[in-house]
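Each chain is listed here by its residues.
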Amino acid sequence: SAAIQELDNNLRNNAKGFSLQPLYGTAVPEMLRGYVELFYDLNNNPSFRLIEPLMYRSKFYDRTAQSLMLSLTRGDDRPFVLSTPRLETEGFLHLQIPFDSDIVDKLFELESKAQPWSVIRNIFSFIDQKQEDLLRSFFTAERPAPYVPYAGPGARWRYFGHACILVEVAGMNILFDPVISYTYETDLPRYTYGDLPDEIDYVLITHNHQDHILFETLLQIRQKVKYIVVPKGGNGALQDPSIKLILQNTGFKNVLEMDEFGEIQTESGSITGLPFLGEHADLNISTKLAYLVRVGRHKLLFAADSCNIEPQLYKHVYDAVGPVDALFLGMECDGAPLSWLYGPLLTRKIDRGMDESRRLAGSNFDQAIDMVTRFRCKESYVYAMGQEPWLNHVMSLKYTPESRPITESNRLLQVCRERAICAERLYGEKEILLGA
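A short tour of the structure in this document, coming up.

The rules behind these values
Residues numbered from 1 in each chain as written. Predicted model: local features only at pLDDT ≥ 70, side-chain atom pairs only at ≥ 80, totals over all residues. Heavy atoms only, no water. Helix = DSSP H or I, 4+ residues; strand = E, 2+ residues; numbered from the N terminus. Buried < 20%, exposed > 50% of the residue type's maximum accessible area, 1.4 Å probe, protein only. 1 Å grid on protein atoms, 1.4 Å probe; cavity = no way out; pocket = protein on both sides within 12 Å on 5 of 7 lines; lining within 4 Å. Points joined across faces, edges and corners; volume = space filled by probe spheres on them. Nonpolar A, V, L, I, M, F, W, Y, C, P; charged D, E, K, R; others polar. Pairing = 2+ DSSP bridges. Axes fitted to C-alpha atoms, helices over the stretch in contact; angles between N-to-C directions. Parallel < 35°, antiparallel > 145°, perpendicular 65-115°, else oblique. Left-handed = near helix turned anticlockwise from the far one by under 90°. Contact = heavy atoms within 4.5 Å.

1. Some remarks on the environment of Leu 300
Then comes step 1: Here Leu 300 is to be found in strand E14 (residues 298-302).
Then comes step 2: Here Leu 300 falls in the buried class, since its relative accessible area comes to 2%.
Then comes step 3: Considered as a pair, Leu 300 and Ile 271 are 29 residues apart in the sequence and their alpha carbons are 9.8 Å apart.

Next up, the structure:
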């Protein structure tokens with residue numbers, strides 16, 4: 001961290017538009033030599049990129065820093081996900097294993113494929129007797145209800161909370177941004193891990209914020225996923241690491257990168273990556289995509305937190321893809337300031353006014369209704385609002401009826417209904433059947 005800051009300062013002070021070649025020997029700290037490339041943009045502003053694949057093969061990538069903390073989850077109240085470290089606590093089992101260990105997949109496979117305790121104990125042969133008693137308390141002899149895949153006409157989509165939606169058509173399914181609740185007694189109906197298919201064809205990731213790509217969920221479903229589709233990255237920018245490299249180096253197989261307007265053909269239609277603007281505080285972030293899913297005659301646009309800051313973009317997109325039946329759009333239009341998420345990556349202190357003006361915000365009413373109108377939507381769904389209580393440990397959001405995201409999305413729902421467009425702000429669980 002100190003070396004990166006030193007490199008940034010050296011470039012700012014010494015790179016004035018002339019050749020950067022001499023600076024490799026004077027401006028790059030010893031520990032970073034051979035791991036970075038120096039460059040100018042077209043206006044002679046100096047910067048650098050990390051050679052990411054090489055970093056994962058260096059001493060800086062330490063798999064021993066990865067571990068799992070297991071416990072029984074009995075409710076929605078949990079510690080904030082970004083609070084670290086997790087300390088040894090009674091009732092918590094700390095497994096010092098890296099994410100790419102086959103023990104991880106064997107553990108979570110037990111949720112659907114039962115094994116006798118002797119087999120389970122052999123998987124965890126490295127734990128002691130005290131830990132064994134705690135581990136055994138996490139298991140049950142009660143078999144979960146078998147999953148019944150959708151086999152009806154047309155397609156079905158189910159809302160699992162926030163930005164997580166499962167689209168199913170006979171013989172194929174797609175899961176978006178999996179952040180999923182556990183099963184326990186609750187007043188709020190919800191779909192949980194038990195409502196996921198035994199085999200998931202595609203997991204689509206829209207962008208790399210923690211409420212859209214959560215390792216806690218991804219590790220649990222990894223052994224049943226055929227393909228994980230992520231936005232293409234790999235430009236070596238500190239603020240925009242390659243999601244593909246992160247997943248591949250933590251044990252995920254069959255990770256597919258998709259470009260804007262890249263396409264995957266499926267038996268029932270296709271998946272197309274579309275441009276995603278905003279929500280990243282004006283930083284140069286390429287690892288973000290909206291997805292257009294075609295199932296039969298239906299076209300569903302999952303725009304996640306895309307902020308419609310340039311309506312002309314979607315005019316061009318509409319010209320390319322035509323109208324859509326249903327739009328799913330996030331409207332958390334206040335958003336946290338730049339430093340809330342990206343502050344640790346800034347090498348210089350940012351002015352408070354500048355920080356407050358650059359937000360991690362989704363679309364407001366004007367931006368959202370423009371998209372609904374432009375794509376001639378028959379249905380409009382507001383999602384990714386972080387309202388579900390099982391998202392509290394990830395989002396830390398508390399809305400009131402007067403909160404701007406609520407009032408702005410209420411306006412959208414009202415105008416859509418006045419135009420005879422089916423509209424809803426999704427919450428808890430939802431199931432929609434799409435005709436053949």
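Let's pick the thread back up.
2. Some details on empty space enclosed by the protein
With a probe scaled to a water molecule rolled over the atoms, the places where space remains empty come into view.
Then comes step 1: Counted according to the given criterion, the structure contains one cavity of 30 Å³ or more.
Then comes step 2: Within this model, the largest cavity holds a volume of roughly 90 Å³.
Then comes step 3: Lining the largest cavity are 15 residues, with Arg 78, Ile 180, Tyr 182, Trp 390 and His 393 sitting closest to its centre.
Then comes step 4: When the residues that make up the lining of the largest cavity are grouped by side-chain class, the tally is seven nonpolar, five polar and three charged.

3. Concerning the sheet that holds strand E15 (residues 326-330)
Then comes step 1: With respect to topology, seven strands assemble into an open sheet ordered E11-E12-E13-E14-E15-E18-E19, the strand pairing being mixed. Of all strands in the sheet, those with a lone pairing partner are strand E11 (263-265) and strand E19 (422-425), marking the two edges. Ignoring which end each strand starts from, the neighbouring axes of this sheet average 15° apart.
Then comes step 2: As judged from the four bridges shared by strand E18 (residues 379-383) and E19, these two strands associate in the parallel manner. Each residue of the ladder has a partner; that of Ser 380, found in E19, is Ala 423.

4. Structural notes on the packing of helix H12 (residues 365-374) against helix H14 (residues 404-418)
Then comes step 1: Where H12 contacts H14, the two axes come as close as 9 Å, and the packing angle between them is 30°. For the element pair H12 / H14, the angle class is roughly parallel. H12 and H14 meet at a crossing whose hand is right-handed. Facing Phe 365, Ala 368, Ile 369 and Val 372 of H12, the residues of H14 in contact are Glu 408, Arg 411, Leu 412, Val 415 and Cys 416.

5. Details of unusual backbone geometry
Then comes step 1: For Asn 44, which is not glycine, the phi dihedral falls at a positive 65°.
Then comes step 2: Overall, Asn 44 belongs to the partly exposed group, its relative accessible area being 46%.
Then comes step 3: The backbone of Asp 282 sits at a positive phi, close to 65°, despite the residue not being glycine.
Then comes step 4: Exposure remark for Asp 282: the relative accessible area of 64% places this residue in the exposed category.

Purely geometric stuff here, so don't read any function into it on its own.
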